[in-house]
Amino acid sequence: MADTVPRLRTAGYNLYYGSFRALRDITIDIPENSITAIIGPSGCGKSTFLRSFNRMNELIPGVTVTGKVLLDGEDIFRADVVALRRKVGMVFQRPNPFPKSIFDNVSYGPRIHGTRDRGVLASIVERSLRDAALWDEVKDDQQKSALALSGGQQQRLCIARALAVEPEVILMDEPASALDPVATMRIEELMQSLKQRYTIVIVTHNMQQAARVSDFTAFMMTDGFRAGNLVEFGATKQIFTTPADSRTEDYISGRFG
Amino acid sequence: MTRKGAVESAMRTVLLCAGLASLLIVAMTGIFILREAMPAFREVGVWRLLSGSEWRPGQELYGLLPMIAGSGLVTLGAVCLGLPIALGCGIFLAETAPGWIRGVVKPSIELLAGIPSVVYGLFGLVVLVPAVRGFDYPGNAGFGLLSASIVLAVMILPTIASVSEVAIRSVPDEYRKGALALGSTRWEMIRTVVLPAARSGILSAVVLGLGRAVGETIAMIMVIGNSVMMPSAMGGPLPGIFLSRARTLTGNIAVEMSYATGLHSSALFATGVVLFVLIMLVNSAARALMARNAGGGRG
Amino acid sequence: MKPSRNGRVTARKAWQGCAFALFWLSGIAAMAVMLAVVGYVVVRGAPELSLSFFTTSPRGGLSGDGGIASTIVATAYLVVMTMAFAAPLGIGAGIYLVEYAGNSRNRIATTFLKLSRFGSETLAGVPSIIFGLFGYALFVTAMHFGFSLLSASLAGACLILPVVVRTAEEALKAVPEGYREASLSLGATRWETIRKVVLPSALPGLTTGIILGVGRILSETAVFYVTLGGSYRTPTSVLSSGRTMALHVYYLAMETRAFEKAMATGAVLVILIIIVNLAINAVSRRLSAGSRS
Ligand SMILES: Nc1ncnc2c1ncn2[C@@H]1O[C@H](COP(=O)(O)OP(=O)(O)O)[C@@H](O)[C@H]1O
Ligand SMILES: [Mg+2]
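Attention here is on the structure that accompanies the text. (Residues numbered from 1 in each chain as written. Chains lettered and ligands numbered in written order. Predicted model: local features only at pLDDT ≥ 70, side-chain atom pairs only at ≥ 80, totals over all residues. Heavy atoms only, no water.)

Attention now goes to the pattern of salt bridges. A complete count under the given rule lists 32 salt bridges over all chains for this structure. Across the pair Glu 188 of chain A and Arg 212 of chain A runs a salt bridge, and its minimum N-O distance is 2.7 Å. You can see Glu 188 of chain A sitting in helix α7 (residues 181-194) and its partner Arg 212 of chain A sitting in helix α8 (residues 207-213), a full 24 residues away along the chain. Note that Glu 110 of chain B is salt-bridged to Lys 106 of chain B, the shortest N-O span being 3.1 Å. Taken together, the residues span about one helical turn, with Glu 110 of chain B and Lys 106 of chain B both in helix α4 (residues 99-113) at a distance of 4 residues. (Salt bridge = Lys/Arg side-chain N within 4 Å of Asp/Glu carboxyl O. Helix = DSSP H or I, 4+ residues; strand = E, 2+ residues; numbered from the N terminus.)

Below is the structure:
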């Protein structure tokens, strides 16, 4: 961990929904070109934490934050939010393709950011669909409505849509929880191939999944009524074999949560 | 990025203006009518306006009681005639009608709710008024509360039927299954479980119907006779009152608006205020009832 | 024990039979009454309908002669003008309320939201003649627009504005939150999100709202009775007086007593309303088909 550069860093980071404190003093360094899994029981603040990296929490009325979140050493709250979200893409729990064609879904981001040329868009779409391992299934039918795809295909389309704006970081919030085991496997394989070029942070409910795909694992939990504690963060192998904190061990061995 | 920011904030401002303008129109409607009504309230007095039984603009007499009575009675008549059929029809559609009948009747009823009131008024004028004229009764000319009540009953029927149907259908199926599993007949299930669960929705259907009845203008002017007089039974039995001519609050405004000036015009605005308050009273009474019902249901 | 129990079951069944018979009866009665009214007008009006009825204007005077050409023109102008005022304003307000004020914790924005909700709820129940009163006092007299298409369409716009805002809000709220999140997470601004994602998916709902508004204007009479003037001539400018088809029915029935012509005009109106309803059904069927797949 010491020899990799942290791409994302939070320091003394707190988030409040109104007066409810959902994240407590979180300090973490997320290395680049790796997969970091965030695990923990329901309601402990995983999604909230993930949404901090692209400032999606700002869309919720009444949210306030204190502390720092840095992307490549720069304070994300000072950055332009549009530029930030371009660098930090997101894939949501339920596949949420737009009710448009496959092509229009993937080219949505580049178009927003000013690419007009049809040929350029077509090559971006092809590259993104290939990267998302969807190209072979849809290449002849890119004008088909995205809503006609299966759930697993839709989620890969959403990944392609996020890739099309060439982000540096991809945030995934339980991306496979709405999918069947075969589709889940494909998404996991896909993440492995993407991590060469992207920094991936994934929230998952499923500990086997975290153990299978991630390089680093962050364990969060609710302590009594107090949500949003980061208990332990480290290499996945270490967290799953020799956790430093007894609460992590309890959770992993299924004693609660 | 800055161009994007500029577009974003420009659009935000434009949309905000649309929102503000809409709100302003709402506020202005109220303020303007109140302002125009002020002279009448000041010079005639609220109490004399509400309780005066003479409306003779030529002699500066502005009493709205005949019109309040007219609006009240015609609404009462319409509700007595229309409500039972409308509710029965709502229950029929929601609970007992076979699918294909429902598929035909439901859209027709929704369609009928949108038929212009002038068409209903025309039917009243051509068919009902001559028919009612057939009753031999002192002062009966066909135009009057009975014809108006029938027309209005037909007009509120589709509104009440379709809104109450929606309310009844939205009662969760679990309730029905629960009641049937305990050995209720379907009618007992409807009476003891479904209707109580749907009562606040049914109540709002009734309020909607009442509002439509009190607010109806054109169809009323066409059949009610428009005479400014306290409805009376002309010495006969009390129901004879429905053969009396009358004028509604809405009709009072519509009939005299185009030539009224000065205090007379202000008194018409005051009529509008009274009408508005009346409707608000009905709405808030219904809301209070609903709140009480909901509280009772929970307790 | 057993016989009496059976007896009670029989009695309960009998009650059910009575109650259901009554429901059937009211269902049939409701349909019959309403169809009789509309059917009567359409059937008695139909013989008058001919091509010349649509292409000639009312002759005026007390005879009731002539067709409805000028009233069709006036109705069309009025519908277009009213919607031109009400649709952008109402849909704009709906967008602001749902997409901006609804996502804000700002005190002013939330107060605004509450006020407009209260306003549109209140106005939804206000009798249309009150808008006529308002329109007459403000547009016809105070602003000196006189009895004209302009006054009438402004008053009509006030009448349907709450309906348009309401349906726009509902249409926008029905757009899944996931679409907005996805678009924003790709770096789109709020407005880009609204224009490229939210509005296209809300389009059927917004269209329904507009068609509803058109239907309302077609059938409204009271407001235009006190703002439009009632001239039977073809309007030539926005300051012309005129009469809509619905108003024409009223004048024919009440002033010239030309009942056959009134019923013919009424029949045309009824057919128009049927078309409006079919359009709404078609749009909402497309809406549900779109969301199902
Ligand atoms: N929009 C919100 N408003 C208020 N509280 C919220 C909101 N979203 C989440 N929370 C609260 O914050 C805590 C963390 O939620 P979340 O991040 O969704 O947890 P997780 O993803 O780990 O299940 C929960 O207690 C939840 O109730
Ligand atoms: Mg979550």
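It is worth spelling out the side chain of Asn 54 of chain A at this point. Along the polypeptide, Asn 54 of chain A turns up in the loop between α1 (46-52) and β4 (63-71). If near-sequence neighbours (up to four positions away) are discounted, Asn 54 of chain A is found in contact with Leu 84, Arg 85, Val 88, Met 90 and Leu 171 of chain A together with Ser 185 of chain C. (Contact = heavy atoms within 4.5 Å.)

A cluster of nonpolar residues, Val 46, Trp 47 and Leu 50 of chain B, forms a patch on the protein surface that exposes about 330 Å² of accessible area. Overall, Val 46 of chain B belongs to the partly exposed group, its relative accessible area being 46%. (Patch = residues over 30% accessible without salt bridge, like charges linked within 9 Å, V, L, I, M, F, W, Y side chains within 5 Å. Areas by Shrake-Rupley, 256 points an atom, 1.4 Å probe, with all protein chains shown as cover. Buried < 20%, exposed > 50% of the residue type's maximum accessible area, 1.4 Å probe, protein only.)

Facing 74 residues of chain C, the contacting portion of chain B comprises 75 residues. Roughly 6,700 Å² of surface becomes buried between chain C and chain B when both sides are summed, with 83% attributable to carbon and sulfur atoms. Linking chain C to chain B there are 2 salt bridges. Across the pair Glu 188 of chain B and Arg 12 of chain C runs a salt bridge whose closest N-O atoms are separated by 2.7 Å. Applying the counting criterion to the chain C and chain B interface returns 9 residue pairs in polar contact (both at pLDDT 80 or more). If you tally residues by element for the side of chain C that touches chain B, the top one is helix α1 (residues 2-45) of chain C, at 20 residues. When its residues are assigned to classes, the side of chain C that touches chain B shows 54 nonpolar, 14 polar and 6 charged. (Buried area = accessible area lost by both parts, 1.4 Å probe. Polar contact = N/O pair within 3.5 Å; in protein donor to acceptor, adjacent residues only side chain to side chain. Nonpolar A, V, L, I, M, F, W, Y, C, P; charged D, E, K, R; others polar.)

What follows covers the packing of helix α5 (residues 128-142) of chain C against helix α6 (residues 149-173) of chain C. Residues and elements named next belong to chain C. Two numbers describe how α5 lies on α6: the axes approach to 9 Å, and their chain directions differ by 140°. As the angle between them shows, α5 and α6 are arranged oblique. Crossing handedness for the pair α5 and α6: right-handed. The residues of α6 that touch α5, namely those facing Ser 128, Phe 131, Phe 134, Gly 135, Phe 139 and Val 140, are Ser 151, Leu 154, Ala 155, Cys 158 and Leu 159. (Axes fitted to C-alpha atoms, helices over the stretch in contact; angles between N-to-C directions. Parallel < 35°, antiparallel > 145°, perpendicular 65-115°, else oblique. Left-handed = near helix turned anticlockwise from the far one by under 90°.)

Moving on, we get to the pairing of β4 of chain A. Residues and elements named next belong to chain A. In this structure, strand β1 (residues 6-17) lies alongside β4, joined through 8 bridges in antiparallel fashion. The partner of Ala 11 across the bridge, within β4, is Lys 68. Note that β4 and strand β5 (residues 74-75) share 2 bridges and pair antiparallel. Considered in β5, the bridge of Leu 71 is made with Glu 74. A loop of 2 residues connects β4 with β5, the two strands running antiparallel in sequence, and Asp 72 in this loop sits at a positive phi of about 50°. (Pairing = 2+ DSSP bridges.)

Here we take up the site of ligand 1. All names here are of chain A. Residues in contact with ligand 1, as listed here, are Tyr 17, Phe 20, Ala 22, Pro 41, Ser 42, Gly 43, Cys 44, Gly 45, Lys 46, Ser 47, Thr 48 and Ile 60. At 3.1 Å, a backbone N or O of Gly 45 approaches an oxygen atom of ligand 1. The contact in question runs from an oxygen atom of ligand 1 to an N or O atom on the backbone of Lys 46, over 2.8 Å. Out of a free accessible area of 560 Å², ligand 1 has 61% covered by protein chains. Taken together, the elements giving at least two residues each to the shell around ligand 1 come down to β2 (20-31) and α1. Per element, the largest residue contribution to the shell around ligand 1 is 3 residues, and it comes from α1. (Near = heavy atom within 4 Å.)

With that out of the way, let us pick up the nonpolar core. The biggest cluster of nonpolar side chains holds 223 residues, and the ones touching the most others in it are Phe 49 of chain A, Val 118, Leu 122 and Met 222 of chain B together with Tyr 225 of chain C. For this core, the element with the highest residue contribution is α6 of chain C, accounting for 15 residues. When residues of this core are assigned to domains, at least three map to each of domain 1 (5-48) and domain 2 (51-292) of chain C. Once residues within four sequence positions are removed from consideration, Val 118 of chain B is found in contact with Ile 218 and Met 222 of chain B together with Thr 221, Ala 246, Val 249, Tyr 250 and Leu 269 of chain C. Core analysis: the second largest hydrophobic core is formed by 41 residues, Leu 129, Leu 157, Ala 164 and Val 231 of chain A among them. (Core = buried A, V, L, I, M, F, W, Y, C linked by side-chain atoms within 4.5 Å. Domains from an automatic or database assignment.)

Moving on, we come to the side chain of Lys 46 of chain A. All names here are of chain A. Within the secondary structure, Lys 46 sits in helix α1. Within the buried core, Lys 46 has no salt-bridge partner, and the shortest N-O distance to an opposite charge, that of Glu 174, equals 4.8 Å. Of note is the side chain of Lys 46, whose polar atom sits 3.1 Å from the backbone oxygen of Pro 41. When neighbours within four sequence positions are excluded, Lys 46 is seen to be in contact with Ile 38, Ile 39, Gly 40, Pro 41, Glu 174, Val 203, Thr 204, His 205 and Met 220. (Lys, Arg positive; Asp, Glu negative; His and termini not counted.)

In this section: helix α3 (residues 65-96) of chain B. Here α3 of chain B is 32 residues long and its end C-alpha atoms lie 44 Å apart, about the 46 Å a rise of 1.5 Å per residue gives. Roughly 40° is the biggest bend found in α3 of chain B, and it falls at Gly 82 of chain B, with proline Pro 84 of chain B one to four residues downstream. (Expected span 1.5 Å × (residues − 1). Bend = angle between axes of the 7 residues up to and from the residue.)

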